[in-house]
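Given next are the chains, with one letter for each unit.
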Amino acid sequence: MSSHGPAPAEFSVDLSAHEMLRRAHVLDALGPDWDPGAALRGEEEAYELLYSGLDAEQQRMYDELVSAGVLPPRGGGHAAS
């Protein structure tokens, strides 16, 4: 034993079964009519709308954030067609 007390015990927990159950609950909550392609297209449309109609200063800031890698470029293929 050291002067700092016993060494910490090692343990591991396998959460893979819990993760599978969590995913099953998520898919169940989404329902059978959920269309991931449509959801991604909707996100892309919302993204385009959010960054449309920018004035010159806003566009400059947007371009700066894109070139810094903070924001992805518009039309970058985030969603399935």
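The preceding data block contains the structure.
Bear in mind the structure is a predicted one, so any value in this text is a computation, not a measurement. Along every chain, residues carry numbers that run from 1 in the direction the sequence is written. The predicted nature of this model means local features are confined to residues of pLDDT at least 70 and side-chain atom pairs, given and counted, to a pLDDT of 80 or more, with totals for whole chains, interfaces and linings taken over all residues. Values shown for side chains rest on all heavy atoms present in the structure; no hydrogens or waters enter the calculation.

What follows deals with a nonpolar patch on the surface. Only residues whose relative accessible area exceeds 30% and that form no salt bridge are eligible for patches; like-charged ones are grouped when within 9 Å, while nonpolar side chains (Val, Leu, Ile, Met, Phe, Trp, Tyr) are grouped when within 5 Å. We get accessible surface area from the Shrake-Rupley algorithm with a probe of 1.4 Å; when it comes to residues, only the shown protein chains can shield them. Salt bridges are defined by distance alone: a side-chain nitrogen of Lys or Arg within 4 Å of a carboxyl oxygen of Asp or Glu. A cluster of nonpolar residues, V26, L27, L30 and W34, forms a patch on the protein surface that exposes about 370 Å² of accessible area. Relative to the elements of secondary structure, V26 occurs in helix α1 (residues 16-30). Comment: elements are numbered from the N terminus, with helices defined as DSSP H or I runs of at least four residues and strands as E runs of at least two.

Each turn of an α-helix holds 3.6 residues, which means side chains three or four residues apart point in the same direction. Take the residue count of a helix, subtract one, and multiply by 1.5 Å to get its expected span. With 15 residues, helix α2 (residues 36-50) should reach 21 Å at 1.5 Å per residue; the first-to-last C-alpha distance of 21 Å fits that figure. Type-normalised accessible area, obtained with a 1.4 Å probe on protein chains alone, sets the label of each residue: buried when under 20%, exposed when over 50%, and partly exposed for intermediate values. Three or more residues of α2 are buried, namely G37, E44 and Y47. Seen end-on, α2 carries its buried residues on one side only, within an arc spanning 85 degrees. What points out from α2, more than 90 degrees from its buried face, is the exposed set E45, L49 and L50. By the convention used here, residues are in contact when the closest approach between their heavy atoms is within 4.5 Å. If you follow the buried residues of α2, they end up packed against α3 (56-67). Where α2 starts, the residue carrying a side-chain oxygen 3.1 Å from the main-chain nitrogen of G37 turns out to be D35. Of all possible arcs, the one meant is that of the directions from the helix axis to the C-beta atoms. Counting of polar contacts relies on pairs of N or O atoms within 3.5 Å, with two restrictions inside protein: one atom must be capable of donating a hydrogen and the other of accepting it, and residues adjacent in sequence are counted only when both atoms are side-chain atoms.

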